[in-house]
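One letter stands for each residue in the lines below.
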Amino acid sequence: MKNTAKLIIGDKEYKFPIVEGTEHEKGIDIRNLRLQTGHTTYDPGLANTGACESSITFIDGEKGILRYRGIPIEQLATHSTFVETAYLLLYGNLPKKNQLKDFSSKFTLHAMIHEDMKNFFDGYPAWGHPMGILSSMVCSLSAYYPELEKIEIPKKDIGTIAVELISKVRTIAAFSYKKKMGEPFVYPRADLKFIPNFLNMMFSSTNRDYKIEPEVVHALQTLFILHADHEQNCGTSTVRIVGSSWANLFASISAGICALWGPLHGGANQRVTEMLEKIQRNGGNVDKFIQKIKNRDSNTKLMGFGHRVYKNHDPRAKVIKARATALLEKLGVDDPLLKIAIKLEEAALKEDFFIERKLYPNVDFYSGIIYRAIGIPTDMAPVMFAMARMAGWVSQWVEMRETPGMRISRPRQIYTGETERDYIPVEKRK
Ligand code: ACO
């Protein structure tokens, strides 16, 4: 039987249906595994586990393919905008002219956060990590916008909810930067589009105008599109897992921000810049650094390299590298870290250690160089990632909640602790 998998345990044979996606990805449907066999699966890191069906993003890691709603990422990065891409992710199709206009105008309408929330920033020290602040602030939004908690999920509301969140997160990110710099907040402007508005809130001041360079907008636009979604990664799975308990959207996304913060995930862009700075401080010797990794010296990793799914190349990294080089050239910035990054990549790609393990630059390897050129602090790089990922997270959260028969996420375990033993009173313990 073509669409059935057979499993033999001892002298018994069990059959399980095979499910197939539109791109012919195949999975063994083991929903009844435990019921039928009394066994569970054991898959640490969930590397072989399909936890949901999704029609949002497709990745073929072997071929280096990434598509949002069927459209190749390279085409979106060249022709689209972040706002348009967010619409595509949310609604499934590219917007018509009037739909895009209406959608874009909502970003302006919902850019403000409740005035009282400004006081929250006073509670954080200037050195507080902006991802911690962002996560707390997003969770706090649920207190100020309780009506958004009660999403009945008719499709017409989703765009507004997504826009509210994405737009407010942009304001929160810029305000947290201002707080860190000890400068007054700059409010969002109705006449500026999504990315220029963000740059203005970040870098203009009462006594300083900020000239919004089209090249900078273009570079950020590309980064935001490339970061907007990436199917069931650690952050997105977290959003889905938290949301599967019917936790509200803000709580779910706040948890996603925390997951993304990790250095093995979206926090890697910050770590890449720190790694490159360290190599620079130590004289710029990339071969010595590679040797350190090969020797497994204190678990050193080449940050921004390797991926759970991509085993050929990460298509996003290619685009970002080209954008980083072009931006620095246009701005006339001579960043020694870009040279070190290029040397490091070239050296690593020649080494058997990386070739055998199929380790290539990922989305985080060159993005930090772009943020540096723009003047965005190193520790804010994961925040930039999170701002863009909002579009994917809301889309994935909604898809999860709309799935018929959606169940709470509740994995099993293989218990390896003590078997049953008696309680011993404290005076008798040896
Ligand atoms: N530097 C050195 N060695 C590495 C690296 C790296 N960046 N990545 C993987 N390896 C090695 C592992 O040590 C392992 O070696 P072994 O088989 O000899 O034990 C082998 O390659 C396989 O790696 P795993 O850790 O099993 O791969 P996994 O899929 O679990 O992890 C991950 C993927 C977390 C991305 C990993 O490659 C990594 O830590 N990279 C660096 C951090 C990073 O850039 N993260 C961002 C990823 S993109 C994103 O999340 C947005």
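Glancing now at empty space enclosed by the protein. A complete count under the given rule lists three cavities of 30 Å³ or more for this structure. The calculated volume of the largest cavity comes to roughly 100 Å³. Ala 126, Gly 128, Ile 133, Ser 176 and Lys 180 are, among the 13 residues lining the largest cavity, the residues nearest its centre. Put simply, the parts of the chain that give the lining of the largest cavity at least two residues each are helix H5 (130-144) and helix H6 (155-181). Of the residues forming the lining of the largest cavity, the biggest block, four residues, is contributed by H6. Split into classes, the residues belonging to the lining of the largest cavity amount to nine nonpolar, two polar and two charged.

To continue, consider the domain arrangement of the protein chain. Domains assigned within the protein chain are domain 1 (4-60) and domain 2 (72-400). Averaged C-alpha coordinates put domain 1 and domain 2 at centres separated by 33 Å. Summing both sides of the interface, domain 1 and domain 2 together bury roughly 890 Å²; the carbon and sulfur share of this comes to 61%. Three residues, Ile 56, Thr 57 and Ile 59, lead the burial of domain 1 against domain 2; their summed loss comes to 62% of the area buried on that side.

Let us now look at helix H13 (residues 315-331). For H13, with 17 residues, the first-to-last C-alpha span of 25 Å sits near the 24 Å given by 1.5 Å per residue. Inspection of H13 places Pro 315, Arg 316, Ala 317, Val 319, Ile 320, Arg 323, Ala 324, Leu 327 and Leu 328 among the buried residues, and these make up the whole buried set. For H13, the elements touching its buried residues are strand S5 (65-68), helix H2 (73-79), helix H8 (214-227), helix H14 (336-350), helix H16 (364-374) and helix H17 (381-402). At the exit of H13 stands Gly 332, carrying a positive phi of roughly 70°.

Procedures and definitions
- Residues numbered from 1 in each chain as written.
- Predicted model: local features only at pLDDT ≥ 70, side-chain atom pairs only at ≥ 80, totals over all residues.
- Heavy atoms only, no water.
- 1 Å grid on protein atoms, 1.4 Å probe; cavity = no way out; pocket = protein on both sides within 12 Å on 5 of 7 lines; lining within 4 Å.
- Points joined across faces, edges and corners; volume = space filled by probe spheres on them.
- Helix = DSSP H or I, 4+ residues; strand = E, 2+ residues; numbered from the N terminus.
- Nonpolar A, V, L, I, M, F, W, Y, C, P; charged D, E, K, R; others polar.
- Domains from an automatic or database assignment.
- Buried area = accessible area lost by both parts, 1.4 Å probe.
- Expected span 1.5 Å × (residues − 1).
- Buried < 20%, exposed > 50% of the residue type's maximum accessible area, 1.4 Å probe, protein only.
- Contact = heavy atoms within 4.5 Å.

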